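Breakdown of the fold
Listed here are the chains, written in short residue letters.
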Amino acid sequence: MIQRILIVVLLLLFQQNSLKALVTIDITRGNLDPLPTAISDFYFDDSIKPDDSIRKSRLDKKIPELVENNLQRSGLFFPLEKRSFIQKPEVAHATPRFEDWIFIKAQVLVTGKISLDKNQRLRVEFRLWDVVSAKELSSLAFFTTTQNWRRISHMISDKVYERLTGETGYFDSRIIYVAETGPKTNRVKRLAVMDQDGYGVKYLTLGNELVLTPRFSPDNKYVTYMSYFRNLPRVYLLNIEAGIQDLLGDFPGMTFAPRFSPDSKRVIMSFAKDGNSDIYAMDIKTKVVERLTDHPSIDTSPSYSPDGSSITFNSDRSGTQQIYTMKGDGTAVKRISFGEGIYGTPVWSPRGDLIAFTKFFRNRFYIGVMRTDGSGERLLTENFYQEAPSWSPNGRVLIFYRETPSDDKGRGGNAKLWSIDLTGYNERMIETPTDASDPTWSEILSKK
Amino acid sequence: MKLAKISFIYVAVLLSLFLGACTTAQKATAPAPAPASAPAPVAEGDAYTGTDTVKFLADGIPDRVFFSTNKFNLTTAAVNSLNKQAVFLKANANLNVTIEGHADERGTREYNLALGEKRANIVKDYLISNGIASNRIKVVSYGKERPANPASSTLAWSQNRRSVTVRPN
Amino acid sequence: MQSSLKTSLFGHLLIIVIGSLSFPFLSKKVEIPPIISVDLVQISDRTNIPYAPKVSDAIKSDKKEKERLVTTQAPPKIVPKEKPDAIPLPDKIQQIKELIEKKQNPVKVEEKNKQVSEFEKKEIFDPNKISALIDKAKKESDEISKRANLEATQSQQKNFITGTLTLSEQDAIKAQIFKCWNIPIGLPYDQNLLVRVKVKVNPEGSIISSEIMDTGKLNQTHQKILAESALRAVRLCNPLKVPKSGYEKWKEMILNFDAREMLKG
């Protein structure tokens, strides 16, 4: 009897020991689908009287609409239909009933409230909820004016994007490009700026002379571009706030292909002397110039790495147009493109790890990326004609332009802006009121 | 004896064709503005040889020369046209000109600006080497911004790869 | 002059002839057998997965609870020397059965006997175990769920309880979580894209609790974002489809969320 009890006890003990080790299961895969997101309308709280004109602004609908637009265009979020929402905005913002939102298949929820503070400043507050885990992820408020509601919407979009993807956002930014009109043989080109979602196009030049390749300074204060003012192709500097243009590349020869250094203090550009194009960097304030390449080949399209220590550029010193890198002082020149075809327009990613480029091979144009040592070349999109990729401020999206072929009457030849994700997905056209080319992206506007 | 002569000529012709095909070598050794000696003319490649789009500075003096894809070397036809232009300019000593260099649209914008600049400059250098004073000749590149033929065709592209000698208004 | 020309010509011809000849017997290709990577994994035996029906068979759960007391075997490795251990088993089990009958509700004794004998037979040579090992090397989730489904249609061999889940049981759970996990695509690739979630389930597969282990790392933003996505995945997959038996094995699990493969640049 005792023997049997002992055996049972021993067995039980054995059981306990053998079960102490928990089973571990490796979850190495998931899905990369856009995240189902519910963006509720915001609401005006009681501090805004029912007859207050602010209510007419309809910001309670417009702000979430813009946020939804941004998130949807990023390709990473799947906004759900508002018609299916069960809870009212004011209730959801206070304490969402998470089952209501899980029921419509949302995983996250954005709610918001618009109010007036005691100083009559407009206050926009938003909350981001994880409805599956039933908790609040983020809660922020912005003070602004009614007119500035778009910036607020973009900033809210950036916060939501960051909190859920782990990447910094890119919605509070602008795009500068060349607006084109007229026949192909005599195009009229003007500098144009707009919000990254296409809103609010403003023209910076009149179109009396050709303008090309505009670029923002990282501090968002200046634009540098090339203009044929007085039939002399030169690099100019435009002070955005003051609206003043300054001749920057005042050389006895063409200056072109300008870009800013990461600290916004220098403009790097090509200068063509006696037919030969080399790369120079100029301090904007002192106008002191440093020569960076000295070679009888064409050297152009320079672009700094985000830490300013290196430069990538385009050269045909090997006999064909290829991509090179060099140190910021012009030493250690190294070729990095070796595939078939010719390569141009290299641009260093803000993340520092990739260089985007244009490739021309067998009469087709490609936009692609490669690592900074030239390895891992990936072509993202192909077309009859497209070129000049430019990175979004978070290094995830590339904007570029495409042109359709034209007939001998000059019909066709339409240029439009396009964007594509680093992954090669989410290729989409960006609407502009006119034809457009040479787009580049600004830094985040709220960055100081 | 005759056979030897023929075969010698044959080999000579072969060799000259060989040399003519080595155009890339020329790029590295860009011709300096030397007096009298012109850069060696090259094979035509796909340079335009027609007369469409060609205007005239005066009777029988074409205002432009054409280039092969991605090249800025003067073809034999180009040299012939420029010789005529040089004569014309010598005869009209008060005339100053601007050489406009252009490229076709099958390339990236900034590189094409540089290529147009090379094409304009090689014409300027040739005219200088033929006795025209350098202060009479300005140079400007339009890259691919001002095509002569707006079509997207091989013919149009060849007509757009050009350097045009322009008289002021 | 002429003789030196002749020797030079001869020498050149000789080199040309040698160079143009191929020596097939010297350029034999060396066939290297491809390396098959094999993971050594602790598995009990091949099982079918009759998934626990959601609610209706709650009655049977009692019996399952009792079954766990029967095991005495250590988790087997694929080594024949296991055999000697297996043989004395029937006696022990007979003893245990007697004890159990005295203490709890009666258990079906006959089935147990059958199980043991079949297990013995398998011990002699089990190609299934080896193929199970090789299967583990494949990582396609489709494959995994396909296999899991296949298992469900095979013979009704019951699980012999050891201390770990069988390969196909693991695969079945993996396949479910794979579908529920919305990976934050923007996370930068680095070695830290790992998060462990401890999950407790009831016998029907309903999740009783889920919590992050290693909470110390959660102050890093990326870790937090990854952890939140893992928790959402677990909760969205509630209730899990779980094996019909062996509750003790999987009532508490650690899910090791590893985003590195998906986020590799």
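Coordinates for the structure precede this section.
Within each chain, residue numbers correspond to sequence positions counted from 1 in written order. Chains carry letters from A onward and ligands carry numbers from 1 onward, assigned in written order. The model is predicted, so local features are restricted to residues of pLDDT at least 70 and side-chain atom pairs to those at 80 or more, both for listing and for counting; the totals for chains, interfaces and linings are taken over all residues. Only hydrogens and water are set aside; all other atoms, that is, all heavy atoms of the structure, feed into the side-chain values.

Focus on the overall build of chain A
Secondary structure assignment for chain A yields five helices and 31 strands. When its C-alpha atoms are laid out on the principal axes, chain A stretches across 105 × 75 × 50 Å. Evaluated residue by residue, chain A yields a buried proportion of 58% over its 448 residues. By definition in these notes, contact holds between two residues if any of their heavy atoms fall within 4.5 Å. Long-range pairs, those at least 24 residues apart, make up 43% of the contacts in chain A between residues at least 6 apart in sequence. For the accessible areas, the method is Shrake-Rupley and the probe is 1.4 Å, while residue cover comes only from the protein chains on display. With the model as given, the accessible surface of chain A reaches about 19400 Å², and the carbon-plus-sulfur share is 52%. Across chain A, the 60 positively charged side chains and the 55 negatively charged ones have centroids separated by 2 Å. Counting from the N terminus, the helices are the DSSP runs of H or I reaching at least four residues and the strands are the DSSP runs of E reaching at least two. Any residue under 20% of the maximum accessible area for its type is buried, any over 50% is exposed, and the rest in between are partly exposed; the area is computed with a 1.4 Å probe on protein chains only. Residues counted as positive are Lys and Arg, residues counted as negative are Asp and Glu, and His and the chain ends are not counted. Where a charge lies is defined by one atom per residue type, namely NZ (Lys), CZ (Arg), CG (Asp) and CD (Glu).

Comments concerning the overall build of chain C
Looking only at helices and strands, chain C features 11 helices and three strands. Secondary structure elements of chain C occur, N-terminal to C-terminal, as α-α-α-α-α-α-α-α-β-β-α-α-β-α. Residue burial in chain C is summarised as follows: out of 265 residues, 40% are buried. Relative to all contacts within chain C whose residues are 6 or more apart in sequence, the contacts with residues 24 or more apart total 80%. Surface accessibility of chain C: about 15600 Å² in total, with carbon and sulfur atoms responsible for 59%.

Side note on the side chain of His154 of chain A
Residues and elements named next belong to chain A. For His154, the position within the fold is in helix α5 (residues 149-165). The class for His154 is buried, based on a relative accessible area of 3%. Excluding anything up to four places from it in sequence, His154 contacts Leu66, Asn70, Phe171, Asp172, Asp195, Gln196 and Asp197.

Some points on the packing of helix α3 (residues 76-91) of chain B against helix α4 (residues 109-129) of chain B
Residues and elements named next belong to chain B. As a rule, the C-alpha atoms of each element are fitted with a line to give its axis, helices using only the stretch in contact, and angles between N-to-C directions run from 0 to 180 degrees. Running from amino to carboxyl end, α3 crosses α4 at an angle of 55°, the nearest separation of the two axes being 10 Å. Taken together, the axes of α3 and α4 lie oblique to each other. Here α3 and α4 pass one another in a crossing that is right-handed. Contacts from Val79, Leu82, Asn83, Gln85, Ala86 and Leu89 in α3 reach Val123, Tyr126 and Leu127 in α4. Under this scheme an angle from 65 to 115 degrees is roughly perpendicular, one under 35 degrees roughly parallel, and one over 145 degrees roughly antiparallel; angles in between are oblique. With the far helix as reference, a near helix turned anticlockwise by less than a right angle produces a left-handed crossing, and one turned clockwise produces a right-handed crossing.

Some thoughts on the pairing of strand β16 (residues 266-273) of chain A
Residues and elements named next belong to chain A. Of all eight residues in β16, six are buried, a share of seventy percent or more. Any two strands are treated as partners once DSSP identifies two or more bridges connecting them. Pairing analysis gives four bridges linking strand β15 (residues 255-260) to β16, with the strands arranged antiparallel. Bridging from a neighbouring strand, Phe260 pairs with Val267 of β16. Connecting β15 to the antiparallel partner β16 that follows it, the hairpin turn spans five residues, and Ser264 within it adopts a positive phi of roughly 65°. Of the pairings in the sheet, the one linking β16 to strand β17 (residues 276-283) comprises eight bridges and is antiparallel in character. Across the sheet, the residue bridging to Met269 is Tyr280, located in β17. Remark: two residues form the turn of the hairpin made by β16 and β17, two consecutive strands paired antiparallel; Asp274 in that turn has positive phi of roughly 50°.

Remarks on the nonpolar core
Counting residues in hydrophobic clusters, the biggest one holds 50 residues, and the most contacted among them are Ile63 and Ile156 of chain A. Considering every element that reaches this core, the biggest residue donor is α5 of chain A, with six residues. For this analysis, a nonpolar core means a set of buried residues of the types Ala, Val, Leu, Ile, Met, Phe, Trp, Tyr and Cys, connected via side-chain atoms within 4.5 Å. Counting residues in each nonpolar core, the second largest holds 37 residues, with Met254 of chain A together with Phe72, Leu113 and Ile137 of chain B among its members.

Considering helix α8 (residues 167-180) of chain C
For the α-helix, the turn length of 3.6 residues means that residues three or four positions removed from each other point alike. Here α8 of chain C is 14 residues long and its end C-alpha atoms lie 20 Å apart, about the 20 Å a rise of 1.5 Å per residue gives. With respect to burial, α8 of chain C is a largely interior element, 13 of its 14 residues being buried. The length a helix should cover is 1.5 Å for every residue beyond the first.

A few points about helix α2 (residues 59-73) of chain A
All names here are of chain A. Along its 15 residues, α2 runs 21 Å from first to last C-alpha, staying within 8% of the 21 Å computed at 1.5 Å per residue. Along α2, the positions that sit buried rather than exposed are Leu59, Asp60, Ile63, Pro64, Leu66, Val67, Asn70 and Leu71. In a view along the axis of α2, the buried residues occupy a sector of 155°, so they form one face of it. On its buried face, α2 sits against β2 (35-39), β3 (43-44), β4 (77-79), β5 (108-116), β6 (122-130) and α5. Starting at the helix axis, one direction is taken to each C-beta atom, and the arc is that of these directions.

Some remarks on the pattern of salt bridges
Put simply, a salt bridge is a Lys or Arg side-chain nitrogen that is within 4 Å of an Asp or Glu carboxyl oxygen. Counted by the stated rule, this structure contains 45 salt bridges over all chains. Among the salt bridges present, the one from Glu261 of chain C reaches Arg29 of chain A, with a minimum N-O distance of 3.3 Å. You can see Glu261 of chain C sitting in helix α11 (residues 260-263) and its partner Arg29 of chain A sitting in the loop between β1 (23-27) and β2, one on each of two chains. Put simply, Asp104 of chain B and Arg161 of chain B hold a salt bridge, and the shortest N to O gap is 2.8 Å. A residue pair is termed long-range when its members are at least 10 positions apart, and Asp104 of chain B in the loop between β4 (97-102) and α4 and Arg161 of chain B in the loop between α5 (154-160) and β6 (162-166) qualify at 57 residues. Exposure class is identical for Asp104 of chain B and Arg161 of chain B. Each is buried.

Notes on the interface of chain A and chain B
Each partner contributes residues to the interface: chain A has 51 residues there, and chain B has 28 residues. Of the roughly 3100 Å² buried at the junction of chain A and chain B (both faces included), carbon and sulfur atoms supply 53%. Once two parts are put together, the accessible area they lose, assessed with a 1.4 Å probe and summed over both, is termed the buried area. Considering only the surface of chain A that becomes buried against chain B, Lys184, Thr185 and Ile298 of chain A emerge as the three largest contributors, covering 16% of it. Viewed at the interface, chain B and chain A are joined by five salt bridges. For Glu105 of chain B, the salt bridge is made with Lys184 of chain A, and the minimal N-O distance between the two is 2.8 Å. Considered class by class, the residues forming the side of chain A that touches chain B number 17 nonpolar, 20 polar and 14 charged. The nonpolar class holds Ala, Val, Leu, Ile, Met, Phe, Trp, Tyr, Cys and Pro. Asp, Glu, Lys and Arg form the charged class, and all remaining residues, Gly among them, are polar.

Side note on unusual backbone geometry
Residue Pro239 of chain C follows Asn238 of chain C across a cis peptide bond; omega there is 0°. Positionally, Pro239 of chain C belongs in the loop between α9 (221-236) and α10 (247-250). Even without being glycine, Asp438 of chain A reaches a positive phi, approximately 50°. As for its placement among the helices and strands, Asp438 of chain A is situated in strand β31 (residues 435-441).

Regarding the sheet that holds β6 of chain B
All names here are of chain B. Strands sit in the order β3-β6-β4-β5 across an open sheet of four strands; the sheet is mixed. Of all the strands in the sheet, the pair left with one neighbour each is β3 (64-66) and β5 (137-143). Averaged over all pairs of adjacent strands, the angle between their axes in this sheet comes to 15°, without regard to strand direction. As defined by bridge partners, β4 adjoins β5 across six bridges and the pair is classed as parallel. Within β5, the residue paired with Ile99 across the bridge is Val139. Most of the contacts of α3 go to β3, to which it runs at about 165°, and overall it touches β3, β4 and β6. Packed on one face of the sheet, α4 meets β3, β4, β5 and β6 and runs near 155° to β5.

Thoughts on the sheet that holds strand β9 (residues 188-195) of chain A
Residues and elements named next belong to chain A. Across the sheet, four strands lie side by side as β10-β9-β8-β31; this open sheet has antiparallel pairing. Lying at the two open borders of the sheet, with one neighbouring strand each, are β10 (202-203) and β31. Here five bridges tie strand β8 (residues 174-181) to β31, and the two strands are oriented antiparallel to one another. From the neighbouring strand, Val178 faces β31, where its bridge partner is Ser437.

Considering the state of the cysteines
All names here are of chain C. Counting rule for disulfides: a pair of cysteine sulfur atoms within 2.5 Å. Applying the stated criterion across every chain, the model contains one disulfide over all chains. Paired by a disulfide, Cys180 and Cys237 hold their sulfur atoms 2.1 Å apart. Taking the sign of the S-S torsion, about 95° here, the bridge from Cys180 to Cys237 comes out right-handed. Separated by 57 residues along the polypeptide, Cys180 in helix α8 and Cys237 in the loop between α9 and α10 bring together distant segments of the chain.

Remarks on the side chain of Asp41 of chain A
Residue and element names in this part refer to chain A. Its place among the elements puts Asp41 in the loop between β2 and β3. Relative accessible area serves as the criterion here: at 15%, Asp41 is assigned to the buried category. Polar side-chain contacts of Asp41 include one of 2.6 Å to the side chain of Lys61. Filtering out sequence-adjacent residues up to four positions away, Asp41 remains in contact with Asp60, Lys61, Pro64, Lys82 and Pro89. Polar contacts here mean pairs of N or O atoms no more than 3.5 Å apart (in protein, one a potential hydrogen donor and the other a potential acceptor; neighbouring residues in sequence count only if both atoms are side-chain atoms).

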